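This is what each chain is made of:
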Amino acid sequence: MTLLFLRDSVMMALHLTKFKIPLFASFSTAAGFVLGRRGWSQEMMIPMIGVFLLGSGACGLNQFQERERDRLMERTKGRPIPSGRLEAISALKISGTLILLGLSLLAFSAGLGSLGFGLFGLLWYNGVYFYLKKRTAFAAVVGSLTGGVPPLLGWMSAGRSLSDWAIWPIILFFCLWQIPHFWSLLLEWGRDYERAGWPSIHSRFAMDQLRRLIMVWVFATATVALIAPLFGAVQSCGTLMGLFISGVLWVGGVYRFLANPPDRGRGWSTPITRIHSFYCLAVMCFLSFDSFLS
């Protein structure tokens, strides 16, 4: 009975914090640190854990904020709060604790500057983005700024300055990547969002137009990854070649999926979101091993 309770508690915590999102954020923090330090170090574990905890708390707080609309959506009604498995006040306490722990680790790793950008990411995601999400279908474009915070925090934790332009294409890449990833979900769940009262880009564009729009963002994101060497963040020809090949495969894979989507069964958008995720992971790996390939 104790093991069953423990398992259920862990699964509920993972579901509340959307652990895949903060895990990706912590990996991008590591990429920013390694690029800044030009090598691996145990020191990068502190900002990585800090970003993971902060991101987990922010995602939990977001579920608390959206709990009423989550009950109306097929995609989200099984989450801990709307399903009744976790009380809203308990979710708020868990999220607040994670946020405080994450911010404390970030302040310890790189001082007040890191703490400030961590707070900025939190306020932008749970404040500005949440506010706009209720009012415009294009909130994801504004909310994507939070994607650039983790690699910046890694860069700063490595002792590098924000005024060093080498990190900017990396920040821009992680901002842009989020947009086609989120809009791809709306190919399947757009109507679900609208039924819950969220403005959805699905209602602004026909399906073919939305597919073309996603391809524009995909191509722009892949292009930004390739201009990183011009700013000095990437110094290895091997890394550049890896970014080029993975970008071509990503663009080609997304185009093939959008041109010939599978039957519209439940979860039919999962393959394209996986394509996006695998590409992002590939980019993070190439950036993290750049110093070894130089």
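Preceding this paragraph is the structure being described.
Bear in mind the structure is a predicted one, so any value in this text is a computation, not a measurement. (Residues numbered from 1 in each chain as written. Predicted model: local features only at pLDDT ≥ 70, side-chain atom pairs only at ≥ 80, totals over all residues. Heavy atoms only, no water.)

J.: Could you give an account of the overall build of the protein, with specific residues and numbers?
T.: The helix and strand tally for the protein stands at 13 helices and zero strands. Listed by position from the N terminus, the elements making up the protein come as α-α-α-α-α-α-α-α-α-α-α-α-α. Taking 294 residues into account, the globule formula puts the C-alpha radius of gyration at 19 Å, and the protein, at 19 Å, falls close to it. Its C-alpha atoms give the protein principal-axis dimensions of roughly 50 × 45 × 40 Å. Across the 294 residues in the protein, those meeting the buried criterion constitute 49%. Long-range pairs, those at least 24 residues apart, make up 74% of the contacts in the protein between residues at least 6 apart in sequence. Summed over all atoms, the accessible surface of the protein reaches about 14000 Å², with 68% contributed by carbon and sulfur. Computed over 26 positive and 14 negative side-chain charges, the inter-centroid distance for the protein is 2 Å. (Helix = DSSP H or I, 4+ residues; strand = E, 2+ residues; numbered from the N terminus. Rg over C-alpha atoms; globule rule 2.2 N^0.38 Å. Buried < 20%, exposed > 50% of the residue type's maximum accessible area, 1.4 Å probe, protein only. Contact = heavy atoms within 4.5 Å. Areas by Shrake-Rupley, 256 points an atom, 1.4 Å probe, with all protein chains shown as cover. Lys, Arg positive; Asp, Glu negative; His and termini not counted. Charge placed at Lys NZ, Arg CZ, Asp CG, Glu CD.)

J.: I'd love a proper account of the packing of aromatic side chains, names of residues and values included.
T.: As enumerated under the stated definition, the model contains 11 aromatic pairs in all. Ring centres of F173 and F174 lie 5.1 Å apart, and the angle between their planes is 80°; on these two criteria the pair is classed as edge-to-face. With respect to class, F173 is no different from F174; both count as buried. Counting every residue linked through ring pairs, the aromatic cluster contains F173, F174, W250 and Y279. Positioned over the ring face of W198 is K133, at 4.8 Å from the centre of the ring. (Phe/Tyr/Trp six-rings, centres within 6.5 Å; stacked < 30°, edge-to-face > 60°. Lys NZ or Arg CZ within 6 Å of the ring centre and 35° of its normal.)

J.: For the pattern of salt bridges, give the residues involved together with the corresponding values.
T.: Scanning the entire structure with this criterion turns up 10 salt bridges. Two residues, D290 and R38, come together in a salt bridge whose shortest N-O distance is 2.8 Å. Placement of the pair is D290 in helix α13 (residues 290-293) and R38 in the loop between α2 (20-37) and α3 (45-65), with a sequence separation of 252 residues. Its relative accessible area of 0% is what places D290 among the buried residues. The exposure class assigned to R38 is partly exposed, which follows from its relative accessible area of 27%. Measuring nitrogen to oxygen at the nearest pair gives 3.1 Å for the salt bridge that ties K133 to E66. Linking K133 in helix α5 (residues 88-133) with E66 in the loop between α3 and α4 (67-70), this pair joins segments that are 67 residues apart in sequence. One exposure class covers both K133 and E66, and it is buried. (Salt bridge = Lys/Arg side-chain N within 4 Å of Asp/Glu carboxyl O.)

J.: Can you break down the side chain of S157 residue by residue, with the values?
T.: Within the fold, S157 resides in helix α7 (residues 149-157). When its relative accessible area of 10% is taken as the criterion, S157 is described as buried. One polar contact links the side chain of S157 to the main-chain carbonyl oxygen of L153, over a distance of 2.8 Å. Those residues within four positions of S157 in sequence are excluded, and the remaining contacts are F33, R37, P47, S109 and A110. (Polar contact = N/O pair within 3.5 Å; in protein donor to acceptor, adjacent residues only side chain to side chain.)

J.: I'd like a description of the packing of α2 against α3, backed by residues and values.
T.: Axis separation between α2 and α3 bottoms out at 8 Å; the angle between their running directions is 150°. Considering the angle they form, α2 stands roughly antiparallel to α3. Like other packed secondary-structure pairs, α2 and α3 cross with a definite hand, here right-handed. Two secondary-structure elements touch here, α2 through I21, P22, L23, A25, S26, F27, T29 and A30 and α3 through P47, M48, V51, F52, G55, S56 and C59. A class-by-class count of the residues in the contact of α2 with α3 yields 11 nonpolar, four polar and no charged. (Axes fitted to C-alpha atoms, helices over the stretch in contact; angles between N-to-C directions. Parallel < 35°, antiparallel > 145°, perpendicular 65-115°, else oblique. Left-handed = near helix turned anticlockwise from the far one by under 90°. Nonpolar A, V, L, I, M, F, W, Y, C, P; charged D, E, K, R; others polar.)

J.: Tell me about α2, and please be specific about residues and values.
T.: In an α-helix, one full turn covers 3.6 residues, which means residues spaced three or four apart are oriented alike. When the terminal C-alpha atoms of α2 are compared, their 26 Å separation across 18 residues agrees well with the 26 Å that a helix rising 1.5 Å per residue should span. Once α2 finishes, R38 follows within two positions and takes phi at roughly 60°, a positive value. (Expected span 1.5 Å × (residues − 1).)

J.: How would you explain α5 if you had to name every residue and give the values?
T.: Taking 1.5 Å of rise per residue, the 46 residues of α5 would be expected to cover 68 Å, yet its terminal C-alpha atoms sit only 21 Å apart, more than 12% below that figure. Of all the bends in α5, the greatest measures close to 140° and is centred on A110. (Bend = angle between axes of the 7 residues up to and from the residue.)

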